[in-house]
Amino acid sequence: MMSKITTAREDEVLVITLDNPPVNAFSTEVRQAMAEAVDTAAQDDGIRAVVIRAEGRMFSGGADITEFGSAPVHPTLPELIDSIENLAKPVVIALNGTALGGGCEIALGCNYRITVPSTKIGLPEVKIGILPGAGGTQRLPRVVGVEEALPIIVTGNPINAKKAEAIGLVDRIVEPDKLREEAMAFAREVAGRDDHPVSSQRTDRIKDHDPGVFDAFREKHGRRLKGLEAPQKCIEAVKLATELPYEEGIAKEREFFMELVNGDQSKALRHVFFAERQASKIDGLPKDVKSLPIRKVGIIGAGTMGGGIAMNFLSAGYDVTMVEREQEALDRGVGIIRKNYEATARKGRMTAEQVEGAMGHLTTSLDYQDFADCDLVIEAVFELMDIKKDVFGKLDAICKPDAIMASNTSYLDVNEIAACTSRPEQVVGLHFFSPANIMRLLEVVRGDKTSPQVMATAMDLAKKIGKVAVVSGVCHGFIGNRMLAKRQEQASDLLMEGARPAQVDKVLTDFGFPMGPFQMADLAGLDVGWDPDTTSSANVREVLCERGRRGQKTGKGFYDYDENRQRTPSEEVDAVIADFAAQSGKQQRDITDEEIRERLLYPMVNEGALILEEGIAQRASDIDTVWINGYGWPPYTGGPMFWADTIGLDTVLAGLEKHGMEPSQLLRDKAANGERFNG
Ligand code: T1G
């Protein structure tokens, strides 16, 4: 068994090497072996300096998250780092790739830090609902100052090597292939000296801090911190670093860490972390299946979806051929792509060269024949089965034998589409979410005949274009939209029983969604799927469309909007709702927020259970991944299925029955057995 920690003596320097693939996590075994190595350095007078380094593509992804929730095993990471910091000999740490969480904290426990230009360093603990629990909240402010430490700890976003050097987090940046050599030289240079910087004892960077920085930070980041416990604790811990002696501050950090790691939000966020990674795996996929090479991608349609989809591939460096029926539509689509890139460049997230580089990969055409050499063609045409079938019939005649043909359909039967081709095994659904260049979710819809190789290729491709992919079987609406439909049904029914759009929306925004169903309808447009030629005032939405209330784009929909798109409830809409409510014959009553929440969310959980029963989703955590990345379900509750587990499936079952809804058998069985969806 390969040792995860090895040591090598090079004259007066002891080199400790970490090698624990895939991310050099500080597991119990690693901590114990590293503690022994540190003890060796302490005991051996011939050792006058230590270098800590790692093999592999990164220094470390931090503590081993899979160990959370079980009793701590000594040495804990804080204990290991203290033993390093208390070594009477200088310790130089060489950081490559990424040094995150405990990986950054161990570096803070060393006297000197050396890295290479491509390294990213950070404390992402807040993203899994905890705080840096191995001294990060107390050492980092002492090394880089409060103003620089706060954003690193509270946002969890890593910084690059240049920034790290600028703020004093690293001492030197060296050439990539010289990291080990330069670390050894650094160690020899400082060996024997006795004035080494010790992070926990430093006061130079925090003694003159501005005490108002904490409230200012809360004020500036208020929206982002809404509903979250960990960021508040992070800020408090850093504040205590400026007020308490180190030993007292570290005790508070430990107290906060234990409180958070055992809390519902961190359990949910850790679930989300692993769920996203599990979603990329296809159960039962034969090990020898290899992905197909994808170099050139064809996109049919240059509209909102087609253009957004194209951007995903252009940004990842793929050649894209985009085809439309008319030149004017094509030009408009290309213009929107360029405008989006230039807006990103203005925000500093792309350079002008990168914009031109992406645009340089784009070819446009009015002729399907130009798909002949594409490895993958994705259609984003109108959501009508006849149109999709016509498109796939043409693609079947033009595309090369091993080309993948994909539909961006949101609802339609991928099997029916595949049946229009001579090669249904090459057909797959790639359901992007609007705006397609922003939303991370991609539902990969597996047809009955879609080949394992096409599925594997689609999942790999998703990762390469930065999407979180989830496999879905074929049903109306796949996973996300099928569950959304249940929520929309209840939202409409609630209006007929006395609720109003603003109350319904507020229940969901209070729960943590970015917006509620009626705000979402106004954003998307009430006239999606509405036909002015056949409209017949049959329901609230049709009447609003007929009156020109088609959403934010018309300045009014379920709400009235001012020039800044600020919404206010509309008396006209309330009157329309009241008319239909009267016609519905339903008793009008004051409906509690609790009832609204139960009626909106429980049926979604129940539909998720049916989706699992039918094998449409591979696992409950996939359903959570869909809703968090495609619809804004608040991640700190873990997603619909994890949230149901947290509140108890018996509670969901009782709620469904109370509101006259039929629970699925899976929900009944799990509730009866005290089980969870996410095992
Ligand atoms: N612990 C355990 N497993 C981990 C892990 C970790 N920290 N990080 C990644 N993995 C697994 C992951 O589940 C996947 O498994 C595989 O490694 C590859 O990951 C005391 C308490 C490091 C940037 O939050 O951000 O330190 O699917 O696909 O895209 O203060 O992983 O192969 O079975 O993501 O190259 C804080 C979490 C921990 C960083 C690499 N650290 N990790 O990205 O690979 S808490 C984090 C990441 C802590 C101390 C506290 C990323 C990565 P599988 P991957 P990647």
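The structure displayed is predicted, hence computed values, not measured ones.

Reading the values: the criteria
- Residues numbered from 1 in each chain as written.
- Predicted model: local features only at pLDDT ≥ 70, side-chain atom pairs only at ≥ 80, totals over all residues.
- Heavy atoms only, no water.
- Helix = DSSP H or I, 4+ residues; strand = E, 2+ residues; numbered from the N terminus.
- Rg over C-alpha atoms; globule rule 2.2 N^0.38 Å.
- Buried < 20%, exposed > 50% of the residue type's maximum accessible area, 1.4 Å probe, protein only.
- Contact = heavy atoms within 4.5 Å.
- Areas by Shrake-Rupley, 256 points an atom, 1.4 Å probe, with all protein chains shown as cover.
- Lys, Arg positive; Asp, Glu negative; His and termini not counted.
- Charge placed at Lys NZ, Arg CZ, Asp CG, Glu CD.
- Patch = residues over 30% accessible without salt bridge, like charges linked within 9 Å, V, L, I, M, F, W, Y side chains within 5 Å.
- Salt bridge = Lys/Arg side-chain N within 4 Å of Asp/Glu carboxyl O.
- UniProt positions renumbered as here; feature names shortened; annotations may be inferred.
- 1 Å grid on protein atoms, 1.4 Å probe; cavity = no way out; pocket = protein on both sides within 12 Å on 5 of 7 lines; lining within 4 Å.
- Points joined across faces, edges and corners; volume = space filled by probe spheres on them.
- Nonpolar A, V, L, I, M, F, W, Y, C, P; charged D, E, K, R; others polar.
- Disulfide = S-S within 2.5 Å.
- Near = heavy atom within 4 Å.
- Polar contact = N/O pair within 3.5 Å; in protein donor to acceptor, adjacent residues only side chain to side chain.
- Axes fitted to C-alpha atoms, helices over the stretch in contact; angles between N-to-C directions.
- Parallel < 35°, antiparallel > 145°, perpendicular 65-115°, else oblique.
- Pairing = 2+ DSSP bridges.
- Domains from an automatic or database assignment.
- Buried area = accessible area lost by both parts, 1.4 Å probe.
- Expected span 1.5 Å × (residues − 1).

Draft legend 1. Spatial organisation of the overall build of the protein chain. Along the protein chain, the regular secondary structure elements total 28 helices and 19 strands. The C-alpha atoms of the protein chain give a radius of gyration of 28 Å, which matches the 26 Å a tight globule of 679 residues would have. Reported as C-alpha extents along the three principal axes, the dimensions of the protein chain are approximately 90 × 60 × 55 Å. Counting only residues that meet the buried cut, the protein chain has 54% of its 679 residues in that class. Partitioning the intrachain contacts of the protein chain with sequence separation of at least 6 by distance along the chain shows that 71% fall at a separation of at least 24. By element, 50% of the accessible surface of the protein chain is carried by carbon and sulfur atoms, the whole surface being about 29100 Å². Taking the average location of the 79 positive side-chain charges in the protein chain and that of its 103 negative ones, the two points are 2 Å from each other.

Draft legend 2. View of the environment of Leu461. Following the sequence through the fold, Leu461 ends up in helix 18 (residues 452-464). Note on Leu461: relative accessible area 7%, which makes it buried. Remark: the alpha-carbon pair of Leu461 and Phe432, spanning 29 residues in sequence, is separated by 13 Å. Not counting residues up to four positions away in its chain, the partners in contact with Leu461 are Ile294, Phe313, Tyr318 and Leu376.

Draft legend 3. The arrangement of a positive patch on the surface in detail. The grouping of Lys339, Arg346, Lys347 and Arg349 at the surface amounts to a positive patch. The residue Lys347 is located in the loop between helix 14 (327-346) and helix 15 (352-360) in this model. Judged by its relative accessible area of 57%, Lys347 is exposed.

Draft legend 4. Structural context of the UniProt feature "domain: 3-hydroxyacyl-CoA dehydrogenase NAD binding" (unreviewed entry) in the protein chain. In this structure's numbering, the residues bearing the UniProt feature "domain: 3-hydroxyacyl-CoA dehydrogenase NAD binding" (unreviewed entry) are residues 296-472. Split by type, residues 296-472 is 41% helix and 21% strand. Its first and last C-alpha atoms lie 25 Å apart.

Draft legend 5. Layout of empty space enclosed by the protein. Under the criterion given, the structure shown has one cavity of 30 Å³ or more. Of the voids in this model, the largest cavity is the one considered here, and its volume is about 70 Å³. Lining of the largest cavity is provided by Phe313, Leu376, Ile404, Val428, Leu430, Leu442, Val454, Thr457, Ala458, Leu461, Ala462 and Ile465. The element that contributes the greatest number of residues to the lining of the largest cavity is helix 18, accounting for five residues. Class assignment for the residues of the lining of the largest cavity results in eleven nonpolar, one polar and no charged.

Draft legend 6. Inspection of the state of the cysteines at higher detail. In the structure shown here, the tally under the stated rule is zero disulfides. We note that Cys399 lacks a disulfide partner, and the nearest cysteine sulfur, in Cys374, lies 7.1 Å from it. Using a relative accessible area of 7% as the deciding quantity, one classes Cys399 as buried. With no disulfide partner, Cys420 has as its closest neighbouring cysteine sulfur the one in Cys399, 14 Å distant.

Draft legend 7. Region of interest: a nonpolar patch on the surface. A surface patch of nonpolar side chains, about 300 Å² in accessible area, is lined by Phe382, Leu384 and Ile387. By relative accessible area, which is 60% here, Phe382 ends up exposed.

Draft legend 8. Structural detail: the site of the ligand. Around the ligand sit 26 residues, and of these Arg57, Glu105, Glu125, Arg277 and Lys281 come closest. One of the backbone N or O atoms of Gly133 is found 2.8 Å from an oxygen atom in the ligand. Protein coverage of the free-state accessible area of the ligand, which is 990 Å², stands at 74%. For the shell around the ligand, the elements supplying multiple residues, two or more each, are helix 3 (102-108) and helix 12 (264-279). Top contributing element to the shell around the ligand by residue count: helix 12, with three residues. Considering only residue class, the shell around the ligand consists of 15 nonpolar, five polar and six charged.

Draft legend 9. Focus on the side chain of Glu85. Residue placement: Glu85 occurs in helix 2 (residues 77-85). The buried category is assigned to Glu85, whose relative accessible area is 9%. One polar contact links Glu85 to Ser200, side chain to side chain, over a distance of 2.7 Å. Beyond its immediate stretch of four places on either side in the chain, Glu85 contacts Leu108, Gly109, Arg139, Val198, Ser199 and Ser200.

Draft legend 10. Broad picture of the environment of Gly525. Within the element layout of this structure, Gly525 appears in the loop between helix 21 (517-524) and helix 22 (540-546). Residues Gly525 and Gln552, 27 residues apart in the sequence, show an inter-C-alpha distance of 7.0 Å. Ignoring sequence-local partners within four residues, the contact set of Gly525 consists of Arg541, Arg550 and Lys553.

Draft legend 11. Summary view of the packing of helix 20 (residues 501-511) against helix 21. The geometry of helix 20 relative to helix 21 is characterised by a closest axis approach of 7 Å and an angle of 100 degrees between their N-to-C directions. What the angle tells us is that helix 20 and helix 21 run roughly perpendicular. For the pair helix 20 and helix 21, contact is made by Pro501, Val504, Asp505, Leu508 and Thr509 and by Pro517, Phe518 and Gln519, respectively. Grouping the amino acids of the contact of helix 20 with helix 21 by side-chain chemistry returns five nonpolar, two polar and one charged.

Draft legend 12. Examining the sheet that holds strand 17 (residues 468-472) more closely. Strand order in this open sheet of eight strands is 12-11-10-13-14-15-16-17, and the pairing throughout is mixed. A single partner strand is all that each edge strand has here, and the edge strands are strand 12 (362-365) and strand 17. On average, adjacent strands in this sheet sit at an angle of 25 degrees to one another, irrespective of strand direction. In the sheet, strand 16 (residues 441-445) pairs with strand 17 via five bridges, with the strands oriented parallel. Note on strand 17: the bridge partner recorded for Leu441 is Val468.

Draft legend 13. Just the domain arrangement of the protein chain, in detail. Entries for the protein chain in the domain assignment read domain 1 (5-265), domain 2 (296-476), domain 3 (500-584) and domain 4 (593-672). A straight line from the C-alpha centre of domain 2 to that of domain 4 covers 31 Å. Both sides of the domain 2 and domain 4 interface together cover about 920 Å² of buried area, and 65% of this is carbon and sulfur. Considering only the surface of domain 2 that becomes buried against domain 4, Leu441, Val470 and Val471 emerge as the three largest contributors, covering 40% of it. For the interface between domain 2 and domain 4, the tally reads zero salt bridges. Our enumeration of links across domain 2 and domain 4 arrives at two residue pairs in polar contact (both at pLDDT 80 or more). At four residues, the largest contribution of residues to the side of domain 2 that touches domain 4 is made by strand 17.

Draft legend 14. Local environment of helix 13 (residues 304-315). Its twelve residues place the ends of helix 13 17 Å apart at the C-alpha level, agreeing with the 16 Å of an ideal helix rising 1.5 Å per residue. A large share of helix 13 lies buried, amounting to ten of its twelve residues. Every buried residue of helix 13 is accounted for by Met305, Gly306, Gly307, Gly308, Ile309, Ala310, Met311, Asn312, Phe313 and Leu314. Residue Gly317 follows helix 13 closely and has a positive phi angle near 90 degrees.

Draft legend 15. Region of interest: the pattern of salt bridges. As enumerated under the stated definition, the model contains 47 salt bridges in all. The shortest N-O distance in the salt bridge between Arg188 and Asp11 comes to 4.0 Å. Pair noted here: Arg188 is in helix 7 (residues 179-190) and Asp11 is in the loop between strand 1 (5-10) and strand 2 (13-18), with a separation of 177 residues, a long-range link. By relative accessible area, which is 35% here, Arg188 ends up partly exposed.

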